[in-house]
Each structure stands twice: as C-alpha cells, then as structure tokens.
Amino acid sequence: MSENLHGIMAEFDTATELVDAARRVRDAGYVDTDAFSPFPLHEIDEALGIKRSVLPYLIFAGGITGLLSGLGLEWFVHVYDFPIIVGGRPHFSLPAFVPPMFELTILFAAFTAVFGMLFLNGLPSPYHPVFNIERFALATREKFFLLIESSDPQYDYAATRSFMESLGGQEVFDVPE
Amino acid sequence: MSDVSKYQAPDVVNRWRTLSLGVGGIGLVAWAVGTFFFPEQGLRSWLLAFVFWGGLGIGCLGVLMLQYMTGGAWGVVIRRACEAGTRTLPLVFLMFIPIAIGVYTGTFYEWTHLPPTDPVVVQRGVYMAPWLWIVRGFFYIAAFMFMAWLLNSWSAEQDKTPDVEMSRRLLEKASRFSGPSMVLFCILVTFAVVDWVMTLEPHWFSTIWGLLYVAGWGLSCFCFMVALMANLIETAPMNGVLGRRHFHDLGKLMLALVMVWAYFNFSQFLIIWSGNIPEETVWFLTRMRSGWGYIGVALIFFHFAFPFLVLLQQDFKRRWKWLSWIAIFVLFMRLLDMFWHIGPTVRISPGAIAQGSFYVSWMDIVTPIGVGGIWLWWFFGQLMKRPLVPINDPYLEGAIEHGHSH
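1. Concerning the overall build of chain A
- Along the backbone of chain A there are 5 helices and 4 strands.
- The C-alpha radius of gyration computed for chain A amounts to 25 Å, which surpasses the reference 16 Å derived for 177 residues by more than 25%, pointing to a less compact arrangement than a globule.
- When its C-alpha atoms are laid out on the principal axes, chain A stretches across 80 × 30 × 30 Å.
- Excluding contacts between residues fewer than 6 apart, the proportion of contacts in chain A whose partners are at least 24 apart in sequence is 81%.

Below, the structure is given as structure tokens:
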C-alpha cells in the first residue's frame, strides 16, 4: 500500500483549520505540499511557505522583448528593407513608431502572463492523482484539503501518515498514483 | 458615539496645521511684496500655485466620486481625507479672486490684449470677454463645491445614524449620484482648464487638454493621500485601520494614473507631430528648446519612466515609507509639469522677456509654497472636524481587515 503513492491527503472543514494545519506542515519541514480550497485563501501562501512566483519577472522580460521586437520590425521595414518617405518625415520616426511598440509590449507581456501561468502551473494536466479520491470533488464546494507528496525528501509513509492524522482533519487519505 | 472620538484625528495633525499656516503666511507675504513690484509675474506664479493646489482639491472631488462608484477598501480608508480635500474648495474659490482681478485689469493672459481684428478674437467673440471668463471661472468652482457639499452632507448624515440599513442607503445614494456627476465633472474640468491654462496661448488648441488635467489632478490626489496616510499610520487611530495592502492598492492606482498621464501626453504629442501644422506645433517647439526642453525630457524620465519602473514592483508598493517618498516625488513632478505648461507662455507687460526664453522667477517657487501652506492649513482644519474613517460605513470592518491580509 505504501508503494506507488502520490502522497497523503487530509480533509478539513474550515479554511482556518486548513491554514493552521498548513503552518504545522511547513514547520515540520515538508516542502512538496499543496493545499486545495473552494475559494482563494491569501494566507495559504505564507502558511505553506510558498515562494513568490517568478512570473512577474518573466512578464517584464516578455514586455521588453515585445518593445524591442516592435522597434526592430519598424526599423527593418521603414529604414532598412523598404524605405519610403511618408508625409515628409524621416525614415526613422520614433514618435510614429511608439504606438506599435506599445502594442507589441502589451501583446508579448500578456501572452507571457497567460502561457507562463499555464506552464508554471503544469497545465494543461489531463490526469492528476488527487482526483482518485472521491471526496476530493468537494474541494470545489465546501471542503479543504492538504496534501504532502511522496516526492518530499522528508516523506516516510508511516511517519507522515501519523503526522497528518495528528493535524485534526476530518479524514486522511492515501492518494494512489 | 464612542466611535466618533475613537477615530478623531491625532494631535499631530494640529501641529502640521499650525506649521502650514506659518509657512503659508510667510510665503504669501513674499508673494504680495513681489506682486506689488512685478504684477504679471506675481499673477502667473499665483496661477501656477492655483492650478496645482486648487487642482488637488478638485482632484479630491474626482477621486471621492470614483471610490463611491467602484467601492473597495482603498476608497473607504481615504474617503474622509478626500472629503476634507473637497471641503477646501471654498478656499479655492477665494484663490480665484487674484486671477479674476488680473484678467479684469488685463495684467496677464495675452488674449486680454489682442487686437480686435485678430481672428481668434473675432471668432470667440463674447465668449472670451473678460467678465464672462471671470463669471465662468467662479461658476466652475461653485459647481464643484455643490457636488462636494452634497457628498459631504450624506457622509456626515451617515456618521450620525447607527442604523445599518440607513447608512447603506446613504452609500447607495452617493454612488448613484457619483456616476452621472463624474461625467459632468470631466466636462467641467475640461472647460475650466481650457479657460485657465490653455488660453495662455490664445492661438493654440488641443482637444485632449481637459483629460490631461483630469488624469493629472487625480494622480496628484492619490500621491497626496499616500503621503498623508503614510504619515498617519504610526499614530492612533489610523494605526488600527491602515495596513500594507491599502498602500499596495493605492500604489497600483498611482501606477495606473502615471501611465494614463503619459498616455494622454503622448497622444497629444503624436497627433500634433503627425499633423505638422505650424499653429499647433509651436506649442511643442517652444517647449522643446532651451531650458524648457530639459524640463520636458525630465518630465518623460521622472514623471513617467522612473515612477513607472519603481511602482511596477510589488514590494515597493507595500512599504508605505518608500511609497510615500515616491508619492512626494511625483507631486513635485506634477508641479514641474504645470510649470512646463504655464512658464513658456507669452508675457505682456512691457520689458518682459520674450516668449520661449527660459526663465524661472523666485516667485514661481515661493508662491506654490505660500499657497500650499494656506491650502494645507485649511485642509488639516477640515480633516480634524470629522472622524478619520466613515465610522458607520457597512464596509468599514471589511476594509480594515483587507489592509492586513496578505
């Protein structure tokens, strides 16, 4: 039974219980953990010791890339590849270049935000072991779940299971792979 | 009733009030002496101070209506300070008197001296008659005062009613009033700033002018609120109200308005640059040469790029000390922006420097300090009159909690 487990999951009735349990899990030194709740819990990041996402930096880099791509495209078209005089203005007319540069900045940053978010979340994910637990469906309605994965360096089936049971949840489940 | 005294402004506000009056008084005396010798310069500097500080009062009205429409914790915690800002509008009304006198006597504004055959004078006709211009100016401020009076009286009524249903209804009334009034507000601001600032260059026009000031004054208001709240958070009662998340939200709004300011300004520049018509480009040509050009570049970097990059960072917005420093910095840039609008315009008194020459008078520095001192003295006086938070607002508890969450 202890072979081929994705992890051990505990079920809680309230958000407060989940956050308290998450703090104890973090303090016990577990790192490969996850929490599930029907609505966003701002406290849970801190309680589980989840680090800030790198996504903002990726988005910033995406925005800069868009800005430079816009400038590069316009330089290539208007100065290098096909220079024609428009309205008596110089080939390299920065004020006129700004709107496309701005648009591409937004576009690249937005794409990085959406796809980066999906990628960092490991989505799309057609199969996830937690759904092997029937009661887990309640995570979208009224129950709160906490998971310690078997990949955690501190994971030991017997010890982790009894630790999870000591957290005071409703029930503790073994989650098969 | 115990809540009323619980949320009373701390004593330190009274000290700031006295200090402001002292500084403002000295500044005003200096202004009066300067204006006696150089009336045009004195009035131009007064206009600069009026557009900056009066704009802060008008901006507070806009933000007050905005927060009634959108709701949100940030609006609940700054509502009372915004209301105090709108109650400075009677002072703004008085501050318009020197400008009215200046126009009536033809001491400043080039259009008061244009020949009657000038196409602008012919076309605009009685609309630009000095008496009508002056009446309009007072009317705009009176209209803002009326909106502010309504919103303030509903809010005061809410403080007196312990009934939740009643205070909810007052809140609803205020938000229903704010929607249409916001539209009227933007139209009035457009008319007002076209009269007060754009006509300094009587032959020049820009259709985005009003929005530049709607966004600019809104930004001034948010910066002022952040600086004020960061100075109140350490003492009771606001130490139990404000949290870092409130500053995070206000910081986001500052970021948004910094971007809107840049967006509107660039739109104006791009359209005029693309059109390339001499009567329009002259405004930018004057402001891109000599010292004015350096100010223009400084505005791009320090009114937009620097605050933009700094405010992008979450940590920065959550630390109120840092955020208040950037807010004060942006307020200085707001003043510089106003100066960039007003400073290069035509002077009419004999012997005055030619248009386009770079010139900063000592009065351009002293007058905003003097007027600012008086404005702040009035503001702090108003702030002390009511509890610092809307005590019976049904959303108050949630708003306080929001600030302390993660």
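Right, picking up where we left off after that structure.
2. Description of the nonpolar core
- With 107 residues, the main nonpolar core has Phe222, Met225, Val226 and Met254 of chain B as its most contacted residues.
- In terms of residues, this core owes the most to one element, helix H9 (residues 209-232) of chain B, which gives 18 residues.
- Dropping the residues within four chain positions of it, Met254 of chain B is found in contact with Leu219, Phe222, Cys223, Val226, Leu311 and Ala327 of chain B.
- Among the nonpolar cores identified, the runner-up in size contains 26 residues, and Ile8, Ile44, Phe145 and Ile148 of chain A belong to it.

3. Description of the interface of chain A and chain B
- With 7 residues of chain A at the interface, the matching set in chain B holds 7 residues.
- Only helix H2 (43-48) and helix H4 (94-120) of chain A provide two or more residues apiece to the side of chain A that touches chain B.
- Broken down by class, the residue content of the side of chain A that touches chain B amounts to 3 nonpolar, 1 polar and 3 charged.

4. What about the domain arrangement of chain A?
- What the domain assignment lists for chain A is domain 1 (5-51 + 130-176) and domain 2 (55-120).
- Placing the centre of domain 1 of chain A and that of domain 2 of chain A at their C-alpha centroids yields a distance of 44 Å.

5. Quick word on the environment of Val241 of chain B
Residue and element names in this part refer to chain B.
- Position of Val241 relative to the elements: it lies in the loop between H9 and helix H10 (244-275).
- Val241 gets classed as buried once you count the C-beta atoms within 10 Å, which come to 21.
- For the pair Val241 and Gly398, spaced 157 residues apart in sequence, the C-alpha separation works out to 11 Å.

6. Side note on the pairing of strand E1 (residues 5-12) of chain A
Residues and elements named next belong to chain A.
- Among the 8 residues of E1, 6 are classified as buried, and the element is accordingly described as predominantly covered.
- Sheet topology note: the E1/strand E4 (residues 171-176) ladder contains 6 bridges and is antiparallel. Across the sheet, Leu5 pairs through a bridge with Pro176, a residue of E4.
- Relative to strand E3 (residues 144-149), E1 runs antiparallel, the two being bridged by 6 bridges. Within E3, the residue paired with Ala10 across the bridge is Leu146.

7. Focus on the sheet that holds E4 of chain A
Residues and elements named next belong to chain A.
- One open sheet holds the 4 strands; their spatial order is E2-E3-E1-E4, and the pairing between them is antiparallel. One side of each edge strand has no neighbouring strand; the edge strands of this open sheet are strand E2 (33-36) and E4. Across this sheet, the average inter-strand angle for adjacent strands is 20°, counted without regard to direction.
- The pairing of E2 with E3 spans 4 bridges and is classified as antiparallel. Paired with Phe36 across the strands is Phe145, a residue of E3.
- Lying on the sheet, helix H1 (residues 15-27) is in contact with E1, E2 and E3; it crosses E3 at an angle near 15°.

8. Digging into the environment of Met288 of chain B
Residues and elements named next belong to chain B.
- Relative to the helices and strands, Met288 resides in helix H11 (residues 278-288).
- Taking the C-alpha atoms as reference points, Met288 and Gly356, 68 residues apart in sequence, are found 9.6 Å from one another.
- Every residue in contact with Met288, bar those within four places of it in the chain, is listed here: Gly293 and Gly296.

9. Concerning helix H5 (residues 89-104) of chain B
Residue and element names in this part refer to chain B.
- Between its first and last C-alpha atoms H5 spans 22 Å; for 16 residues at 1.5 Å apiece the expected length is 22 Å, and the two agree.
- The largest bend along H5 measures about 25° and falls at Pro98.
- Residues of H5 that are buried include every one of Leu89, Val92, Met95, Pro98, Ile99, Gly102 and Val103, and no others.
- Elements in contact with the buried residues of H5: helix H3 (39-70), helix H4 (73-86), helix H7 (130-160) and helix H15 (362-385).
- Note on H5: the residue one or two positions beyond its end, Gly106, has a positive phi of about 65°.

10. Thoughts on the packing of H4 of chain A against H10 of chain B
- The contact between H4 of chain A and H10 of chain B brings their axes to 9 Å, and the two run at 135°. Here H10 of chain B runs oblique to H4 of chain A, going by the angle between their axes. In the crossing of H4 of chain A with H10 of chain B, the sense of the turn from one axis to the other is left-handed. Seen from H4 of chain A, the contacting residues are Pro95, Ala96 and Val98 of chain A; seen from H10 of chain B, they are Phe266, Phe269, Leu270, Trp273 and Ser274 of chain B.

11. With respect to the packing of H3 of chain B against helix H8 (residues 164-196) of chain B
Residues and elements named next belong to chain B.
- As a packed pair, H3 and H8 sit with axes 8 Å apart at the nearest point and diverge in direction by 155°. Here H8 runs roughly antiparallel to H3, going by the angle between their axes. Classified by chirality, the crossing of H8 by H3 is left-handed. Between H3, through Val51, Ile58, Leu61, Gly62, Met65, Tyr68 and Met69, and H8, the contact on the second element is made entirely by Ala174, Ser175, Ser178, Gly179, Ser181, Met182, Phe185, Val189 and Trp196.
- By residue class, the composition of the contact of H3 with H8 is 11 nonpolar, 5 polar and no charged.

12. Regarding the environment of Pro130 of chain B
Residue and element names in this part refer to chain B.
- By the element assignment, Pro130 lies in helix H7.
- Along the chain, Pro130 and Ile58 lie 72 residues apart, while their C-alpha atoms are 23 Å from each other.
- Dropping the residues within four chain positions of it, Pro130 is found in contact with Val103, Tyr104 and Thr112.

13. A closer look at the confidence of the model for chain B
- Per-residue confidence for chain B gives a mean pLDDT of 91; residues scoring 70 or more make up 99%.
- On the interface metric, ipTM, the complex scores 0.76, and its pTM is 0.88.

14. Observations concerning H15 of chain B
- Over its 24 residues, H15 of chain B extends 35 Å from the first C-alpha to the last, a length consistent with the 34 Å expected when each residue adds 1.5 Å.
- Taking burial as the measure, the 24 residues of H15 of chain B include 17 buried ones, the bulk of the element.

15. Considerations on unusual backbone geometry
- The amide bond that connects Leu123 of chain A to the next residue, Pro124 of chain A, takes the cis arrangement and shows omega of -5°.
- The residue Pro124 of chain A is located in the loop between H4 and E3 in this model.
- Each neighbour pair has its own omega, and for Ala236 of chain B with Pro237 of chain B the value is 0°, a cis peptide bond.
- Looking at the secondary structure, you find Pro237 of chain B in the loop between H9 and H10.
- Of note, Asn276 of chain B is a non-glycine position whose phi angle comes to about 55°, a positive value.
- Relative to the elements of secondary structure, Asn276 of chain B occurs in the loop between H10 and H11.

Cut-offs and rules
In this numbering scheme, every chain counts its residues from 1 along its sequence in written order. Following the order in which they are written, the chains are lettered starting with A and the ligands numbered starting with 1. Only residues with pLDDT of 70 or above have their local features reported here, since the model is predicted, and side-chain atom pairs are shown and tallied only from 80 upward, although totals for entire chains, interfaces and linings are computed over all residues. Note on conventions: DSSP H or I runs of at least 4 residues are helices, E runs of at least 2 residues are strands, and numbering of each starts at the N terminus. The globule rule is 2.2 Å times the number of residues to the power 0.38, and the radius of gyration it is compared with is taken over C-alpha atoms. By the convention adopted here, residues are in contact when the distance between their C-beta atoms, placed from the backbone, does not exceed 7 Å. Nonpolar cores are identified as sets of buried Ala, Val, Leu, Ile, Met, Phe, Trp, Tyr and Cys residues joined via C-beta atoms within 7 Å. Residues with at least 20 neighbouring C-beta atoms inside 10 Å of their own are called buried, those with 12 or fewer are called exposed, and the rest are partly exposed, where every C-beta is derived from the backbone. Only Asp, Glu, Lys and Arg are considered charged, only Ala, Val, Leu, Ile, Met, Phe, Trp, Tyr, Cys and Pro nonpolar, and every remaining residue, Gly among them, polar. How far each domain reaches was decided by an automatic or database domain assignment. Strand pairing follows a simple DSSP-based rule, namely that at least 2 bridges must link the two strands. In this description, a line fitted to the C-alpha atoms serves as the axis of each element, helices being fitted only across the stretch in contact, and the angle between N-to-C directions of two axes falls anywhere from 0 to 180 degrees. Here a helix's expected span is defined as the number of its residues, less one, multiplied by 1.5 Å. Here the bend at each residue means the angle between axes fitted to two seven-residue stretches, the one ending at that residue and the one beginning there. Roughly parallel covers angles under 35 degrees, roughly antiparallel covers those over 145, roughly perpendicular covers 65 to 115, and oblique covers all other angles. The handedness criterion is simple: a crossing whose near helix is rotated anticlockwise from the far helix by less than a right angle is left-handed, and one whose near helix is rotated clockwise is right-handed. Confidence scores here are pLDDT values: one per residue, from the predictor, ranging 0 to 100.

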